[in-house]
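Here is how the chains run, residue by residue.
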Amino acid sequence: MNHKYRLRPYRQGGKDICPECEQRSFVPYIDNETGEILHPTCGRCDHEQSCGYHLTPSDYFKQNPERRPTSVPCTTYIKPTPTIIDWGDVSEWKSRQSVEEAMRCDFAKAMCNVFDMEDVAQAISRYLVQSVNANTAYPCISIDGRVTDVMVLNYGEDLHRGNVCYHYYGKEQKEQLKVNYPNGFRYSPCFFGEHLLTEQPDSNVAIVESQKSAVVCSIVFPSMVWLATCGCGNFKIDKCNVLRDRRVFVYADKGSESKWGVIVEEMKCKGYNIHHRPVMQDLPEYVVNTDIADVLLDNLKHI
């Protein structure tokens, strides 16, 4: 079915300020023909647990009937067939920066306030984290060594995220994508840290939401392979085929335990050796969206 409006794709712009929680987590609805935002309040907040704001175009026009178009033209927009993007071999990403250069990112600098610099450098090297204008670039590398996405975030000295959040692999590559896929493209459903599965074939696997959590936990609990979904809504069964023969433990962020628990049960029914560890729900002193890394960091700062 064709629709007049859709949520703005991430590649067409970052997130806006949510009218409800006032965080940069809001994705507006746009007109499929013009690309224009319907209204600054019409959209969805990505903070599903703590905010949950979602005003659809239908609800917006019910609240503002005078703004409803007198006639809605038939749109020719057809949702493009999902196409997995291959950014290139992992060797190409490795060649971009040395570990010393990568350690200049804000995440590595802040981590050195908590951990030994050598341990941080080893973790940065293993996960192939890099620096982009002093911000932190996290590559998602598939088990077969293909770079499927790179997300850039920024951090303060307290290791809490700032307002920088976008996908990146360089201007030339992005321009080439527009040529190769004029109808649009999407990023591949790959875990952050997935390439480490081949390096530790006999180790248990742990899944967390954020890249920061994966790196922090890999230093504290190095015997496990720590993977990140890169978002609460990105924990999906279709990206878990690489875990079919592994023993897996899942650590959801505060407030996401139930949602992830349902997925874990579905995976158990499909034969996965997977176990839910909702440790955050037993820590009432922490707010929604707090992750296991925040708890570990709080404890380490007081040692």
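Conventions used here
Residues numbered from 1 in each chain as written. Predicted model: local features only at pLDDT ≥ 70, side-chain atom pairs only at ≥ 80, totals over all residues. Heavy atoms only, no water. Helix = DSSP H or I, 4+ residues; strand = E, 2+ residues; numbered from the N terminus. Contact = heavy atoms within 4.5 Å. Pairing = 2+ DSSP bridges. Axes fitted to C-alpha atoms, helices over the stretch in contact; angles between N-to-C directions. Salt bridge = Lys/Arg side-chain N within 4 Å of Asp/Glu carboxyl O. Buried < 20%, exposed > 50% of the residue type's maximum accessible area, 1.4 Å probe, protein only. Core = buried A, V, L, I, M, F, W, Y, C linked by side-chain atoms within 4.5 Å. Phe/Tyr/Trp six-rings, centres within 6.5 Å; stacked < 30°, edge-to-face > 60°. Parallel < 35°, antiparallel > 145°, perpendicular 65-115°, else oblique. Left-handed = near helix turned anticlockwise from the far one by under 90°. Nonpolar A, V, L, I, M, F, W, Y, C, P; charged D, E, K, R; others polar. Expected span 1.5 Å × (residues − 1). Arc of directions from axis to C-beta. pLDDT = per-residue confidence, 0-100. Disulfide = S-S within 2.5 Å.

**Q** It is not clear to me how the overall build of the chain should be interpreted in this structure. Could you clarify?
**A** The secondary structure content of the chain amounts to 9 helices and 13 strands. A separation of at least 24 residues holds for 60% of the contacts in the chain among residues at least 6 apart in sequence.

**Q** Looking at this model, I keep getting lost on the sheet that holds strand S12 (residues 247-250). Mind explaining?
**A** The strands making up a sheet associate through backbone hydrogen bonding, with each pair oriented either parallel or antiparallel. Pairing is parallel in the open sheet, where 4 strands are placed in the order S11-S10-S12-S13. Sheet topology places strand S11 (225-228) and strand S13 (273-276) at the edges, where each strand pairs with a single neighbour. Strand-to-strand twist in this sheet, taken as the mean axis angle between neighbours without regard to direction, amounts to 25°. Here strand S10 (residues 205-208) pairs with S11 via 4 bridges, running parallel. Residue pairing in the sheet places valine 208 in a bridge with alanine 228 of S11. Where helix H7 (residues 211-220) meets the sheet, it contacts S10 and S11, and its direction lies at approximately 170° from that of S11. Most of the contacts of helix H8 (residues 257-269) go to S13, to which it runs at about 160°, and overall it touches S10, S12 and S13.

**Q** Please clarify how the pattern of salt bridges should be interpreted in this entry.
**A** A side chain of one charge can pair with a side chain of the opposite charge if their charged atoms are brought near each other. The final tally for this structure, using the stated rule, is 7 salt bridges. Lysine 4 serves as the salt-bridge partner of aspartate 31, at 2.7 Å between the closest nitrogen and oxygen. Of this pair, aspartate 31 sits in strand S3 (residues 24-31) while lysine 4 sits in the segment before strand S1 (5-7), placing them 27 residues apart in sequence. Judged by relative accessible area, which is 18%, lysine 4 ranks as buried.

**Q** Is there a simple way to think about the nonpolar core in this case?
**A** Here is a general trend for soluble globular proteins: nonpolar side chains tend to be buried in one another's company. Judged by nonpolar contacts, the single largest core of 60 residues is most densely connected at Phe107, Met111, Phe192, Trp226, Phe235 and Leu243. If we skip the residues at most four places from it in the chain, phenylalanine 192 touches Tyr127, Val129, Tyr138, Pro139, Cys140, Gln211, Ala214, Val215, Trp226, Leu227, Ala228 and Cys230.

**Q** Can you help me understand the packing of aromatic side chains in this one?
**A** Each pair of aromatic rings is reported with the distance of its centres and the angle of its planes. Counted according to the given criterion, the structure contains 11 aromatic pairs. Look at phenylalanine 107 and tyrosine 138: their rings are 5.9 Å apart centre to centre, the planes differ by 65°, and that puts the pair in the edge-to-face class. Here tyrosine 138 lies in strand S7 (residues 135-141) and phenylalanine 107 lies in helix H4 (residues 106-111), a separation of 31 residues in the sequence. Comparing phenylalanine 107 with tyrosine 138 shows no difference in burial state: the two are buried.

**Q** Explain the packing of helix H5 (residues 117-127) against H7 to me, please; I cannot follow it from the model alone.
**A** Each packed pair of helices is defined by two parameters, the angle between the axes and the distance between the axes. Contact geometry for H5 and H7: axes closest at 10 Å, N-to-C directions at 125°. One finds that H5 runs oblique with respect to H7. As H5 runs across H7, the sense of the crossing is right-handed. In this structure, H5 uses Asp119, Val120, Ala123, Arg126 and Tyr127 to contact H7, whose residues at the interface are Ala214, Val215, Ser218 and Ile219. Residues of the contact of H5 with H7, tallied by class, amount to 6 nonpolar, 1 polar and 2 charged.

**Q** What's the story with H8 in this structure? I'm lost.
**A** Because the α-helix completes a turn every 3.6 residues, residues three or four places apart line up on one side. Helix length check: H8 (13 residues) gives 18 Å between terminal C-alpha atoms against 18 Å at 1.5 Å per residue, within 8%. Taken together, the buried positions of H8 are Glu257, Trp260, Gly261, Ile263, Val264 and Met267. Along the long axis of H8, the arc covered by the buried residues comes to 165°, so they all point the same way. Exposed side chains of H8 directed beyond 90 degrees from the buried face belong to Ser258 and Cys269. Each element contacted by the buried residues of H8 is listed here: S10, S12 and S13. Count one or two residues on from H8 and you reach glycine 271, which has phi positive near 95°.

**Q** Looking at this model, I keep getting lost on the confidence of the model for the chain. Mind explaining?
**A** Detailed reading of the predicted model is not advised wherever pLDDT is low. Mean pLDDT for the chain: 86, with 85% of residues reaching 70 or above. Ranking the elements of the chain by mean pLDDT puts helix H6 (residues 171-180) last with 67 and S11 first with 98.

**Q** Explain the state of the cysteines here, please?
**A** Covalently bonding the sulfur atom of one cysteine to the sulfur atom of another cysteine gives a disulfide. In total, this model carries 0 disulfides according to the counting rule given. Free of any disulfide, cysteine 230 has its nearest cysteine sulfur in cysteine 140, 3.8 Å distant.

**Q** Hey, could you run me through the pairing of S12 in this one?
**A** Within a regular strand, side chains alternate between the sheet's two faces. Relative to S12, S10 runs parallel, the two sharing 3 bridges. Across the sheet, valine 205 pairs through a bridge with valine 248, a residue of S12. Of the pairings in the sheet, the one linking S12 to S13 comprises 4 bridges and is parallel in character. Note on S13: the bridge partner recorded for valine 248 is isoleucine 274.

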